[in-house]
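Chains, contacts and geometry: an overview
If you want the building blocks of each chain, they are given just below.
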Amino acid sequence: MLLSLLGLAGAANAQRTFDVTIADSTYHMKQYWFVLYTKGDGPALDSLTAATLQKEHLAHQDAQAAKGLIVMAGPYGKNDEGWRGLLLYDCDTREEVEAQLMQDPFVKVGRLTYTIAPWWGAVGTKLP
């Protein structure tokens, strides 16, 4: 979108960072990896197993965040699309992200699946 409009899509794909100037502001852009967790088709879990896996799932994500791999994460509210959570990874490759996701306890049992896409954001952008 923005990259295509600026004619930078090809150059941006060759590296993870670039600078772009719009009007009188220069932005240092960086490629992150957007992950959309969606409902998987794994078997239903009893409440004890689900609670245990939830604890392990959160510990797995906390460990990744502590290493700087996950820079933002959070669950979706109730919705009809099957969306369960959003993650932004700061990794060099899609394969690195996928290797981390494959270790998620809910992914392992099929209760979550995911979509990964490259996402460009201005370095230092924060939510209000």
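Up top is the structure.
To keep things clear, this report deals only with the structure shown in the data block. (Residues numbered from 1 in each chain as written. Predicted model: local features only at pLDDT ≥ 70, side-chain atom pairs only at ≥ 80, totals over all residues. Heavy atoms only, no water.)

1. Section: the packing of aromatic side chains
All chains considered together, the criterion is met by two aromatic pairs. Seen from their ring centres, Tyr32 and Trp119 are 6.1 Å apart, and the 50 degrees between their planes marks the pair as tilted. Taken together, the residues Tyr32 in strand β2 (residues 25-39) and Trp119 in strand β5 (residues 112-122) connect sequence positions 87 residues apart. A relative accessible area of 39% places Trp119 in the partly exposed class. Centre to centre, the rings of Tyr76 and Trp83 are 5.2 Å apart; their planes meet at 55 degrees, and the pair counts as tilted. (Phe/Tyr/Trp six-rings, centres within 6.5 Å; stacked < 30°, edge-to-face > 60°. Helix = DSSP H or I, 4+ residues; strand = E, 2+ residues; numbered from the N terminus. Buried < 20%, exposed > 50% of the residue type's maximum accessible area, 1.4 Å probe, protein only.)

2. Observations regarding the nonpolar core
Formed by 16 residues in total, the largest nonpolar core has its most connected members in Val35, Tyr89, Val97 and Leu101. Elements represented by at least two residues in this core include exactly β2, β4 (83-89), α4 (94-101), α5 (105-108) and β5. (Core = buried A, V, L, I, M, F, W, Y, C linked by side-chain atoms within 4.5 Å.)

3. Section: helix α3 (residues 47-66)
Look at α3: 28 Å from first C-alpha to last across 20 residues, which is about the 28 Å you get at 1.5 Å a residue. Those residues of α3 that fall on the buried side of the exposure criterion are Leu53, His57, His60, Gln61 and Gln64. The arc enclosing the buried residues of α3, seen along the axis, measures out at 90 degrees, which places them on a common side. Turned more than 90 degrees away from the buried face of α3 sit Ser47, Leu48, Lys55, Asp62 and Ala66, all of them exposed. Buried positions along α3 lie against β2, β3 (70-75), β4, α4, α5 and β5. For α3, the side-chain oxygen to backbone nitrogen distance between the N-cap and Leu48 is 3.1 Å, and the N-cap itself is Asp46. Residue Gly68 follows α3 closely and has a positive phi angle near 85 degrees. (Expected span 1.5 Å × (residues − 1). Arc of directions from axis to C-beta. Contact = heavy atoms within 4.5 Å. Polar contact = N/O pair within 3.5 Å; in protein donor to acceptor, adjacent residues only side chain to side chain.)

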